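A structural walkthrough
Given next are the chains, with one letter for each unit.
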Amino acid sequence: MARPYQKANIPGPEMGTSVKDPKVMANIIKAPKKKVFVIGSEALTWELDGKKVADYYIEIAKKLDCLVIATGHIYKYLKEHIDTEKLVEMSLINITNRLSDKEWKGLDGKGQYEMAIFGGHLVFYSSQTLSRLKNFTNWVRTVELDKYSHPNARFSLPNLSDAEWKKFLEELIENL
Amino acid sequence: MSKKGAKLKIDEYKGPLGKIKGFEFTTGKVSYGDETEWEPMGPHPKPHIPTLRNWFFTLMDRYKPFYMPICDMCCLCTFGKCNLSKGRTGACGINMETQQARIVEIACCIGASCHSAHGDHLLHWLKEKYGNVPINFGNNIAVEMPMTRLIVGMKPETLEDLEEAMGWVQFNITHLLAAGHTGQEASFKDYEAKSFLAGLCDSVGMEIADAVQIAAYGFPVGEPDVPIVELGTGTMDFDNKATILMIGHNVAPGIELVDYIREKGVDEKIDVGAICCTAHDLTRYYDGAKIVGSLSRQMSFIRSGLADVVMVDEQCVNLRSYEQAKLVDAPFIATNEKNMNGLPDRSDDPEDQIIDDLVSGKVDGVLILDPVKAGRVAVETAIRVRPIRKGKKAVPDEEGCIEMALRCNGCGNCQRNCPNDLPLVEGVRLAKEGDFSLLGEIYDECLDCGRCEADCMKEVSPLTLIMYAAREQIKNEKFNVRVGRGPIQDTEIRNVGAPIVLGEIPGIVAIIGCANYAKEIQELYLMAEEFCKRNYIVVVSGCAAMDIGLVKNEDGETLYDRFPGDFDRGGLVNVGSCVSNPHITGAACKVANIFARRPLRGNFEEIADYVLNRVGAVGVAWGAMSQKAASIASSANSLGVPAVIGPHAAEYRRMYLGRADVQEEWKVWNARDGTPDHEVGPSPEHLLTTSETIEEAICLVAKLALRPADNSKGRMIKISHWIDLERKYKGVDFPEDLEKYIRVEQDIPINMKDEIMDYLKEKGWEEKELVDPTLLERLCHA
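Residues numbered from 1 in each chain as written. Chains lettered and ligands numbered in written order. Predicted model: local features only at pLDDT ≥ 70, side-chain atom pairs only at ≥ 80, totals over all residues.

**Here's the deal with the overall build of chain B**
Helix and strand counts for chain B stand at 28 helices and 23 strands. Its C-alpha atoms give chain B a radius of gyration of 27 Å, within 12% of the compact-globule value 28 Å for 782 residues. Along the longest, intermediate and shortest principal axes, the C-alpha atoms of chain B span 95 × 80 × 60 Å. Here chain B, with 782 residues, has 59% of them falling under the buried criterion. Contacts spanning at least 24 positions in sequence make up 77% of the contacts within chain B whose residues lie at least 6 apart. (Helix = DSSP H or I, 4+ residues; strand = E, 2+ residues; numbered from the N terminus. Rg over C-alpha atoms; globule rule 2.2 N^0.38 Å. Buried ≥ 20, exposed ≤ 12 C-beta atoms within 10 Å, placed from the backbone. Contact = placed C-beta atoms within 7 Å.)

Written as structure tokens, this is what we have:
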């Protein structure tokens, strides 16, 4: 994988994979039947050429047609764009806790999720919650869509500039 | 009361009693008076590792340790490195959970020993200087050291009595630290129980440190109307006076410095300011001192050349402060054996000789372990060195800064090494063109750590460029903070005890801790203002107490100008420095003791059960950074006080999380009739949790203030605030799990009754029985 974005964040031998190709990433996140997209408040502060990152994530969520978890205080924004039947407000730490419980039945009561996709979180904070999932679960595959190389995510991006990230997200959306 | 050691020796006696020759009697301790008079001894005085283990395990049955490793390996012994990820075990047999718990336990021991060693140093220094001073906090405070009474089971009356409590702390820390050795503890839960006990040691160690300085230095003893003092990097009179900057947490040399200024009458020639808790404690003694700021202002203040002399003591001192002082020709004085900086020990040298050496530049730093001498040398050196160094700074002018920026090749190492991922690459790029606006904007988000410059191969310092960009703010920043008042008065507890326990005062919000924020330094202002306006009691200490003061409203008022210092509805109470934190947890214990008449003495388990179920206190350590903050959190958590910590604090790697969705984990005994398994709902939901944003944290604090024993009126008030905040900051109609917190119809806020009833019907809600909750069967009446 690419070097972790935060240079000192070398957790150990177990590190995830950087996905450079948006088509490959599209296939990775399309495949699982039961998945959840966890969107954080940084998606409101980050902009790519004047468009909020939250808006890219909303498009991805709609294409994936999956449940969205709004963390931090982003629910206020997401509820204007996503059907509230598919939107749940919950903290990042609480959803991580539930995802790392094998017996959890999910928010629909039908069972644990196969994949958790994350985006819009402080890089050092999500590194820790991803570490929880990496070290204590083998049932949830994790994907990070923020521009950073995340060693604790199973799949993440390879440290992109804003321009590269914008292109990646646009191509990802096209291929979903 | 007791006296340490007694000896009776009779060489020769001849009289009515007969003849005695060569009689000698010695004892380690003599007790007189009757200690049991003040309160009968509870079941757990002076707990050791196993004593309160059942209580800690009970807490963890509900609030399970939740680990997020920051490192997947163990490298503590020569078996390693061992990779522990994905179910592996190390060569010693340790697994990932236990290793995480072990590291946290060691951190808590470091934190507890830090406060306690600080207390031990002060205790002995003050005994030497002032003798066996009584611990008497006046008529309004009869319960003067509640945590020591609760945990150690003693009521100290003089400094000498505190030796016994300190002995208990030191005994336990030694045993707890021993448990961190390779091949000791195999259970993560037992490590966690030890972390809780380290928290108790910390409570007592901190309480001793603050009690002795209150007693001996005459700090305020709980008066709400203590003075307002100046806060900010621009508060010292740089143009007209010599300036001394102190950094750290141990105020002993600072007090001597102030005494010397007074004795010599040189306060017109010299200004004194401090960073971190020394600043708080200095202003508790001398309201002419300035609080320069929290720990994230150290490098920028020194490098900007604003200090003529830098004097450090202990804890949270940037280890580059000596190097920074050298850059600006500011003599550096280390004063504490825990932080000697490799400097020559000049403690026994004549003062004049040390001053001459520092002023002439023969030496750039000295170690002086005698606080009196350190204070005198600092004052005289500052006065004499000021005209020589002429405010020399290590921040170049605009031309120099542009020149530096032009060396940048845009590799991005600085930004990727920045803890907050600040936009340094773009900021430096703009600086090449003479545009410093972006770097100026991020000054308040910068932690002042210097990791950016440490990772630059081109000798560019983004930190220096930020300092240049923010030079006017650094030189002119002036706000206010209320001096630390120390303990909460018993009379205040009597006034607020019932409304707190019944829930009518919606909560006590304790905003404490360090300045390792993920966003701007002023973020906590929003939280403090929100809860003050809503009539919660807001209690603050340490760096956080400074940072909430860094905002003024339209009328030019800080929060301290707007809200009173009373421990009452809408009060904003600054208790003081880090070691003043037991006044906050102690207030929760006093509610149990003074209002509810629960005995304190050696009765930790019962009081903690009371606080968990009845006292809506919530801690917030938004920028928690240190091991001390870890042990403080353990002390609060062990007592049933939940805490919310900021995003960086996820790097502590362990939380205590409840599961609101698992109904059976929220069962209690009904103390009224002794029946078990009453489901009371998830309150408080967590014991220790991170939060992603300040907005989310504000909502969470309101939620965590709910307690199982709230009466319906109180629950209604608390829920009303919680819903209101969730709507304001998150835009929800209702909190996702509202139905779990409404026990009976009377809990529902009247102005929202119809809509909430509709919501509850949709959720299939049913009323719950109201009980007298306890987690301890032995406290049931039948």
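There's more to say after this.
**Focus: the sheet that holds strand β23 (residues 773–774) of chain B**
Residue and element names in this part refer to chain B. Read across the sheet, three strands follow the order β21-β20-β23 without closing on themselves; strand pairing throughout is antiparallel. Lying at the two open borders of the sheet, with one neighbouring strand each, are β21 (675–679) and β23. Here three bridges tie strand β20 (residues 667–670) to β21, and the two strands are oriented antiparallel to one another. When the bridges of β21 are listed, Asn670 appears paired with Thr675. (Pairing = 2+ DSSP bridges.)

**Concerning the interface of chain A and chain B**
Taken together, the contact between chain A and chain B spans 33 residues of the former and 36 residues of the latter. Where the side of chain A that touches chain B is concerned, the elements lending two or more residues are α4 (75–78), β6 (87–89), α5 (92–99) and α6 (123–136) of chain A. When residues of the side of chain A that touches chain B are assigned to their parent elements, the largest contribution, nine residues, is made by α6(A). Tallied by class, the residues present in the side of chain A that touches chain B amount to twelve nonpolar, 14 polar and seven charged. (Nonpolar A, V, L, I, M, F, W, Y, C, P; charged D, E, K, R; others polar.)

**Some details on the environment of Ser187(B)**
All names here are of chain B. Considering the arrangement of structural elements, one finds Ser187 in the loop between α4 (162–178) and α5 (188–217). In this structure Ser187 comes out as exposed when scored by C-beta crowding, with 11 C-beta atoms within 10 Å. Note: C-alpha distance between Ser187 and Asn95 (92 residues apart in sequence) is 9.3 Å.

**What about the packing of helix α10 (residues 351–360) of chain B against helix α11 (residues 371–389) of chain B?**
All names here are of chain B. Two elements in contact, α10 and α11, have axes whose closest approach is 9 Å; the angle formed by their N-to-C orientations is 35°. Crossing hand, α10 versus α11: right-handed. Residue-level contacts link Glu351, Ile354, Ile355, Leu358 and Val359 of α10 to Lys373, Arg376, Val377, Glu380, Thr381, Arg384, Val385 and Ile388 of α11. Residue composition of the contact of α10 with α11, grouped by class: seven nonpolar, one polar and five charged. (Axes fitted to C-alpha atoms, helices over the stretch in contact; angles between N-to-C directions. Left-handed = near helix turned anticlockwise from the far one by under 90°.)

**Some remarks on the environment of Ile388(B)**
All names here are of chain B. Relative to the helices and strands, Ile388 resides in helix α11. With 12 C-beta atoms packed within 10 Å, Ile388 lands in the exposed category. Expressed as a C-alpha distance, the spacing of Ile388 and Asp308, which sit 80 residues apart in the sequence, is 9.7 Å.

**A word on helix α3 (residues 53–64) of chain A**
If you check α3(A), its first and last C-alpha atoms are 17 Å apart, about what twelve residues at 1.5 Å a residue would give, namely 16 Å. Taken from the residues just after α3(A), Asp65(A) is the one with a positive phi, measuring 55°. (Expected span 1.5 Å × (residues − 1).)

**Observations regarding the packing of helix α1 (residues 22–30) of chain A against helix α7 (residues 162–174) of chain A**
Residue and element names in this part refer to chain A. The N-to-C vectors of α1 and α7 enclose an angle of 50°; their axes lie 8 Å apart at closest approach. Considering their axes alone, α1 and α7 lie oblique with respect to each other. For the element pair α1 and α7, the recorded crossing hand is right-handed. Packed against α1, whose contacting residues are Pro22, Met25 and Ala26, the element α7 presents Phe168, Glu171 and Leu172 at the interface. For the contact of α1 with α7, the per-class residue count stands at five nonpolar, no polar and one charged. (Parallel < 35°, antiparallel > 145°, perpendicular 65-115°, else oblique.)

**Thoughts on the confidence of the model for chain B**
Residue and element names in this part refer to chain B. Of all residues in chain B, 96% attain a pLDDT of 70 or more, and the chain-wide mean is 95. Contacts of residues 30–34 to residues separated by more than four positions or lying in other chains number six contacts, the stretch itself having pLDDT below 50. For this predicted complex, the interface confidence comes out at an ipTM of 0.98, alongside a pTM of 0.95. (pLDDT = per-residue confidence, 0-100.)

**Brief notes about the nonpolar core**
All names here are of chain B. Within the largest apolar cluster, 312 residues are counted, with the highest numbers of intra-cluster contacts made by Ile511, Val538 and Val620. Top contributing element to this core by residue count: α5, with 18 residues. Discounting residues that sit within four places of it in the chain, Ile511 has contacts with Leu524, Met527, Ala528, Val538, Val540, Ala544, Ile548 and Val620. (Core = buried A, V, L, I, M, F, W, Y, C linked by C-beta atoms within 7 Å.)

**Thoughts on the pairing of strand β17 (residues 617–621) of chain B**
Residue and element names in this part refer to chain B. Judged by how many residues are buried, β17 sits mostly within the fold: five of five residues are covered. Residues Ala617, Gly619 and Ala621 line one face of β17 and the alternating positions Val618 and Val620 line the opposite face, and both faces are buried. In this sheet, β17 lies alongside strand β14 (residues 508–511) in parallel orientation, the contact comprising four bridges. What sits directly across from Ile508, in β17, is Ala617. Alignment of β17 against strand β18 (residues 643–645), held across three bridges, turns out to be parallel. Residue pairing for β18: Val620 is matched across the bridge by Val644. Handedness of the crossover is the feature at issue here: the chain leaves β17, passes through helix α25 (residues 627–638), returns alongside β18, and the resulting connection is right-handed. (Right-handed = clockwise from strand over helix to strand, strands pointing away.)

**Remarks on the environment of Gly503(B)**
All names here are of chain B. Locating Gly503 in the fold gives a position in the loop between α19 (490–502) and β14. On the basis of neighbour counts, which here come to 25 C-beta atoms within 10 Å, the residue Gly503 falls in the buried class. Taking the C-alpha atoms as reference, Gly503 lies 8.3 Å from Ser712; in sequence the two are 209 residues apart. Not counting the four nearest positions on each side in its chain, Gly503 is found in contact with Gly616, Arg707, Asp710, Asn711, Gly714, Arg715, Ile717 and Lys718.

**What to know about unusual backbone geometry**
Residues and elements named next belong to chain B. In this structure, the amide linkage connecting Gly80 to the following residue, Lys81, adopts the cis form with an omega of 0°. Positionally, Lys81 belongs in the loop between β4 (73–74) and β5 (82–83). Geometrically, the link from Ser683 to Pro684 is a cis peptide bond, its omega value of -15° lying close to zero. Within the secondary structure, Pro684 sits in the loop between β21 and β22 (688–690).

**A look at helix α1 (residues 53–62) of chain B**
Residues and elements named next belong to chain B. Those residues of α1 that sit buried are Trp55, Phe56, Leu59 and Arg62. Mapping the buried residues of α1 onto a view down its axis gives an arc of 120°, with all of them on the same face. Exposed and oriented more than 90 degrees from the buried face of α1 are Asn54 and Asp61. The secondary structure elements touched by the buried residues of α1 are α5, α24 (604–614) and α25. (Arc of directions from axis to C-beta.)

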